Amino acid sequence: MPSPPLQRVNAFLSDFARRQAARTTVLPGGFAVYDDAFAQSYANNQIVIDAAVDPEALPALAEEALGHLPHRLISVLDDETGRACAGPLIRAGYTHSTYLVMLHTGPVPDAGPAQEVDLDALRIPLTRRWQGFLPDADDEVLRQLVDRREARRRGADVVRFIGARTEAGEVASWADLYVDRATGTAQIEDLITSEAHLGRGYADAVLAGALRLAALHGSDFRFLTADASDWPRHWYERRGFAVIGHSHGFERS
């Protein structure tokens, strides 16, 4: 049984996925989300497992729910369930990633230079960053990966894009902030810095701005997720985030 803080995180993530989706389908152990406007986006067309599920049945369930798409993504929110599903899904050709759920336990930073920005301000730097991540992606895939941020506005009561700018006015680093007013839960998501501006403190400014804005919106519970195998987890730990649990992702192209 997940701890109360993890239950709070998982409820938030499930609710966000449902609210963001253009349509949903109930499945054994969870649900599928779809958005034809962003058909190339894994996150907008995936299965979310947020309850008990038969691990051996999950590969066939995914084929039925996602068979019309060129990709498969299954997000399993519970750690024990995710580990149980790993064997059957890996045998079915999926890659497995483990994610850390990290809760902010430090003081809320003072207001800094980061501020709210709109999607138009992010479009060019975000497209460039995705080109670096996915050098073989065509223009339509890149467009969808950028524009899908508009769909995220449906996901929570408060959805803000936070950015830190250079002296010339270019957005150098950015992140999303989602807040559920009823529970006081906030998620910081997709903190990214332009390659040309790495190591100059812009990400620190964005993170501080997002934490501060979350608190101003009444959040007393601020979390993010980080890849368990990648270096940013340590960067977040130095800034007051502590690991409280794990979730799992399974992908197949």
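Residues numbered from 1 in each chain as written. Predicted model: local features only at pLDDT ≥ 70, side-chain atom pairs only at ≥ 80, totals over all residues. Heavy atoms only, no water.

**Q** I'm lost on the sheet that holds strand β1 (residues 23–27) in this one. Help?
**A** The strands making up a sheet associate through backbone hydrogen bonding, with each pair oriented either parallel or antiparallel. Pairing is mixed in the open sheet, where 11 strands are placed in the order β1-β2-β3-β4-β11-β5-β10-β9-β8-β7-β6. In this open sheet, the two edge strands, each paired with only one partner strand, are β1 and β6 (115–117). Looking at each pair of strands side by side, their axes are set apart by 30° on average, direction ignored. Taken together, the 7 bridges between strand β8 (residues 171–180) and strand β9 (residues 185–193) define a ladder with antiparallel strand orientation. Paired with Asp-176 across the bridge in β9 is Glu-189. On top of the sheet, helix α3 (residues 79–91) reaches β3 (46–49), β4 (72–76), β5 (95–104) and β11 (241–252); it is set at about 25° to β11, its chief contact. Sheet contacts for helix α4 (residues 119–133): β6, β7 (158–165), β8 and β9; angle to β8, the most-contacted strand, approximately 105°. (Pairing = 2+ DSSP bridges. Helix = DSSP H or I, 4+ residues; strand = E, 2+ residues; numbered from the N terminus. Axes fitted to C-alpha atoms, helices over the stretch in contact; angles between N-to-C directions. Contact = heavy atoms within 4.5 Å.)

**Q** What is the right way to look at the packing of aromatic side chains in this model?
**A** To describe a pair of aromatic rings, one takes the distance between the centres and the angle between the planes. Evaluated as defined, the whole model comprises 6 aromatic pairs. With a centroid separation of 5.7 Å and an interplanar angle of 85°, the aromatic rings of Phe-12 and Phe-223 are classed as edge-to-face. Here Phe-12, found in helix α1 (residues 4–20), pairs with Phe-223, found in strand β10 (residues 221–227); they are 211 residues apart in sequence, far enough to count as distant. Overall, Phe-12 belongs to the buried group, its relative accessible area being 7%. Classification of Phe-223 as buried rests on a relative accessible area of 0%. Among the aromatic residues, ring-to-ring pairing joins Phe-12, Phe-16, Tyr-178 and Phe-223 into one connected group. The ring of Phe-31 has Arg-18 lying over it, and the distance from NZ or CZ to the ring centre is 3.8 Å. Taking the ring centre of Phe-161 as reference, the NZ or CZ of Arg-149 above it sits at 6.0 Å. (Phe/Tyr/Trp six-rings, centres within 6.5 Å; stacked < 30°, edge-to-face > 60°. Buried < 20%, exposed > 50% of the residue type's maximum accessible area, 1.4 Å probe, protein only. Lys NZ or Arg CZ within 6 Å of the ring centre and 35° of its normal.)

**Q** How should the environment of Leu-69 be read in this particular structure?
**A** Locating Leu-69 in the fold gives a position in the loop between α2 (58–66) and β4. Taking the relative accessible area as the measure of exposure, Leu-69 reaches 10% and is therefore buried. The sequence separation of Leu-69 and Asp-50 amounts to 19 residues, and the corresponding C-alpha distance is 22 Å.

**Q** Would you explain the packing of α4 against helix α5 (residues 139–147) in this entry?
**A** Two quantities define a packed helix pair, namely the angle between the axes and the distance from one axis to the other. In the contact formed by α4 and α5, the axes pass within 9 Å of each other and the chain directions differ by 135°. Of the possible angle classes, the one that applies to α4 and α5 is oblique. Considering only the axes of α4 and α5, their crossing is right-handed. Touching Leu-119, Arg-123, Leu-126, Thr-127, Trp-130 and Gln-131 of α4 are Leu-142, Leu-145, Val-146 and Asp-147, all from α5. Of the residues assigned to the contact of α4 with α5, the class counts are 6 nonpolar, 2 polar and 2 charged. (Parallel < 35°, antiparallel > 145°, perpendicular 65-115°, else oblique. Left-handed = near helix turned anticlockwise from the far one by under 90°. Nonpolar A, V, L, I, M, F, W, Y, C, P; charged D, E, K, R; others polar.)

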